[in-house]
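# Chain and residue survey
Residue strings, one per chain:
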Amino acid sequence: MIWNPTKECMSREQMRELQGKRLHKIVEYVYHNVPFYRNKLQEMDLSPADIRTIDDIVKLPFTTKKDLRDNYPFGLQAAPQSEIIRIHASSGTTGNPTIVGYTRKDISIWSECMARSLTSFGVTRNDIFSVSYGYGLFTGGLGAHNGVETIGASVVPASTGNTEKHARLIRDLGITGIACTPSYALYLAETMDKLGISKDQIKLRVGAFGAEPWTENMRTEIQNRLGLKGFNIYGLSEIMGPSVSYECEEQNGSHINEDHFFPEIIDPVTLEPLEPGQTGELVFTTLTKEGMPVIRYRTRDLCSLIPGECPCGRTNVRMSAIQGRTDDMLIIRGINVFPSQVESVVLTMEEFAPVYMLIVDRVNNLDTLMVQVELRPDYFNATLDTPAAISELEKRFADKLRSVLSISAKVQIKAPGTIERSEGKSKHVIDKRQLF
Ligand code: DLL
């Protein structure tokens, strides 16, 4: 089933024409409403009149996460505040999160994209569907929720946490679909084993998994343990949230909602466009967004675009699975974490030297984060013989980290000089998971 055949199956010529018209309109819109873009265009001697077809996109400047940070909180917002009906936020590389406001039309387009995705996964109004992405500032929960309501299935807003209760609800309500991170799906399977709930006592048949990288091995394991078919869903807060792209039954790449989000692949070093099929950095331009449109946003995600027709009938272009990132962002339990956020906390505490290490692992299908930090020699001598002081310091550090990262971390305070130094670029992460 296809939710919107007109938009998901249009000819390539029609799509490019539509994209060209929308690009012209969005450039005109940001030029008049966002001084940041107007200045950038003027510096390049460009005016909206220069952008007529989708091929003109290469003339436009890129936007980066740093631009969003520098314009915190509302500097890139194009619509007046009275038109904004929802605000989401995602982790920034330092203390400030990235703020994204949505107008009513934005939310309605997002719900439509989410409905396209769920329909592609085989979800219908007859399903009982649990949304187990976190609700809140993260786009996963509310984004998926609106899509389920749009197609008319019964939504169970389970969110994350309280997994035992959730497992029982899946059995007792006969829940047939679930949206969550792939690692949460495995954790759920484990919880069901613990509770003695077997695969034949539950009716799950569809999973919408995303928000973090996952492998084909993970897909097979989740499918075997929960008895469902798992589909990939991709998105990012700066562009929309879940449903920027989605798999179809062919499971050979994820179709991009390219009437709303125009994709490009560039060489992350030269910034030159790459050919279809080549792997590089994914760049998106929002073609219809009103709240916070972005022009050529560098996602830092590495993947390729898959040329050619898909047997499912959809004509919108597909992207491969994400193969890595060009920056040091980690995704831990579905939450984006930058080592620089940890550094910003370390620097606020005078007891610590600016030497730290994040150790990420996956234990029983749950991501774990341990942060090691070194005491400064003067504090080391002063606190050595008072274990109570060390544990008070650990607690203070852990609390500060939790408030900045939005996830809890184990902390380990180390003696001066004991965290390994690297000779070249300093290394702050040991990731023991095998995600790509
Ligand atoms: O993770 C939005 C989302 C929610 C997508 C629920 C899918 C499902 P952010 O928190 O801004 O937004 O994180 C965006 O997560 O740039 C990728 O690096 C990664 N990511 C998201 N989906 C996938 C996926 C949401 N399916 C960042 N596969 C992105 C691999 C993914 N990585």
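Going along each chain's sequence as written, the residues are numbered from 1 onward. For a predicted model such as this one, the threshold for reporting local features is a pLDDT of at least 70, and the threshold for listing and counting side-chain atom pairs is 80 or more; totals across whole chains, interfaces and linings nevertheless cover every residue. Each side-chain value is worked out from all heavy atoms of the structure, with water and hydrogens disregarded.

Below, the discussion takes up the site of the ligand. We define proximity as follows: a residue is near a molecule or strand when any one of its heavy atoms falls within 4 Å of that partner. The environment of the ligand is made up of 21 residues, and the closest members are Ala 211, Asn 232, Ile 233, Ser 237 and Asp 301. Here a polar contact means two N or O atoms within 3.5 Å. Within protein one must be a hydrogen donor candidate and the other an acceptor candidate, and residues neighboring in sequence count only if both atoms are side-chain atoms. In the environment of the ligand, a nitrogen atom lies 2.8 Å from a nitrogen or oxygen atom belonging to the side chain of Asn 232. Ile 233 is positioned such that a nitrogen or oxygen atom in its backbone is 2.8 Å from a nitrogen atom of the ligand. The Shrake-Rupley method, run with a 1.4 Å probe sphere, supplies the accessible areas, and residue values consider only the shown protein chains as cover. Against a free-state accessible area of 610 Å², the protein chains account for coverage of 96% of the ligand. In terms of residue count, the dominant contributor to the shell around the ligand is strand E7 (residues 229-236) (five residues). Each residue is assigned to one class: nonpolar for Ala, Val, Leu, Ile, Met, Phe, Trp, Tyr, Cys and Pro, charged for Asp, Glu, Lys and Arg, and polar for all the others, Gly among them. Each residue belonging to the shell around the ligand can be placed in one class, and the counts come to eleven nonpolar, seven polar and three charged. Helix and strand assignments follow DSSP, with helices taken as H or I runs no shorter than four residues and strands as E runs no shorter than two, numbered in order from the N terminus.

Before going further, it helps to examine unusual backbone geometry. Of note, the amide linkage connecting Tyr 72 to Pro 73 takes the cis form, showing an omega dihedral of -5°. Tracing the chain through its elements places Pro 73 in the loop between helix H4 (65-70) and strand E1 (84-90). With a phi close to 55°, Ser 159 is a non-glycine residue in the positive phi region. For Ser 159, the position within the fold is in the loop between strand E4 (154-156) and helix H7 (163-172). Exposure categories follow from relative accessible area, calculated using a 1.4 Å probe and restricted to protein chains: below 20% of the type maximum is buried, above 50% is exposed, and the middle band is partly exposed. Take Ser 159: its relative accessible area is 17%, and that puts it in the buried class. With a phi close to 65°, Leu 271 is a non-glycine residue in the positive phi region. In this fold, Leu 271 is placed in the loop between strand E10 (261-266) and strand E11 (280-286).

Let's shift gears to helix H10 (residues 339-347). All buried positions along H10 are accounted for by Pro 339, Gln 341, Val 342, Val 345 and Val 346. On an axial view of H10, the arc spanned by its buried residues comes to 160°, and they lie on one face. Turning to H10, the residues buried within the fold contact strand E17 (335-337), strand E18 (352-363), strand E19 (366-375), helix H12 (387-405) and strand E21 (429-431). Arc definition: directions from the helix axis to the C-beta atoms. Residues are treated as being in contact if the distance between any of their heavy atoms lies within 4.5 Å.

Attention now moves to the sheet that holds strand E14 (residues 318-319). Criterion used throughout: strands pair if DSSP finds at least two bridges between them. The mixed open sheet is built from nine strands, whose spatial order is E4-E3-E5-E6-E7-E8-E9-E14-E13. Edge positions in the sheet fall to E4 and strand E13 (305-306), since each has one partner strand and no second. Judged from the five bridges that link them, strand E6 (residues 206-210) and E7 form a sheet pairing that is parallel. Paired with Gly 210 across the two strands is Ile 233, which belongs to E7. Against the sheet, helix H5 (residues 104-120) makes contact with strand E3 (128-131), E7 and strand E8 (241-247), and its axis sits at roughly 35° relative to E8, the strand it touches most. Angles here are taken between N-to-C directions and fall from 0 to 180 degrees, while the axes themselves are lines fitted to C-alpha atoms, restricted in helices to the stretch in contact.

Time to look at the domain arrangement of the protein chain. Interface size is commonly expressed as the accessible area that is lost once the parts come together. Either an automatic procedure or a domain database provided the assignment from which the domain bounds are taken. Considered domain by domain, the protein chain is made up of domain 1 (1-327) and domain 2 (335-431). Taking the mean C-alpha position of each, domain 1 and domain 2 sit 33 Å from one another. On the domain 2 side, the residues contacting the 14 residues of domain 1 number nine residues. When two components associate, each loses some accessible surface as probed by a 1.4 Å sphere; the sum of these losses over both components is called the buried area. Taken over both partners, the interface formed by domain 1 and domain 2 buries close to 1000 Å², and the fraction arising from carbon and sulfur atoms is 49%. A pairing counts as a salt bridge when a side-chain nitrogen of Lys or Arg comes within 4 Å of a carboxyl oxygen of Asp or Glu. Along the contact surface separating domain 1 from domain 2 lie zero salt bridges. Between the two partners, domain 1 and domain 2, sit one residue pair in polar contact (both at pLDDT 80 or more).

Moving on to the pairing of strand E20 (residues 410-414). With burial as the criterion, only one face of E20 is covered, namely that bearing Val 411 and Ile 413; the residues Lys 410, Gln 412 and Lys 414 on the opposite face remain uncovered. Of the pairings in the sheet, the one linking E19 to E20 comprises five bridges and is parallel in character. Among the inter-strand pairings, Glu 374 is bridged to a residue of E20, identified as Lys 414.

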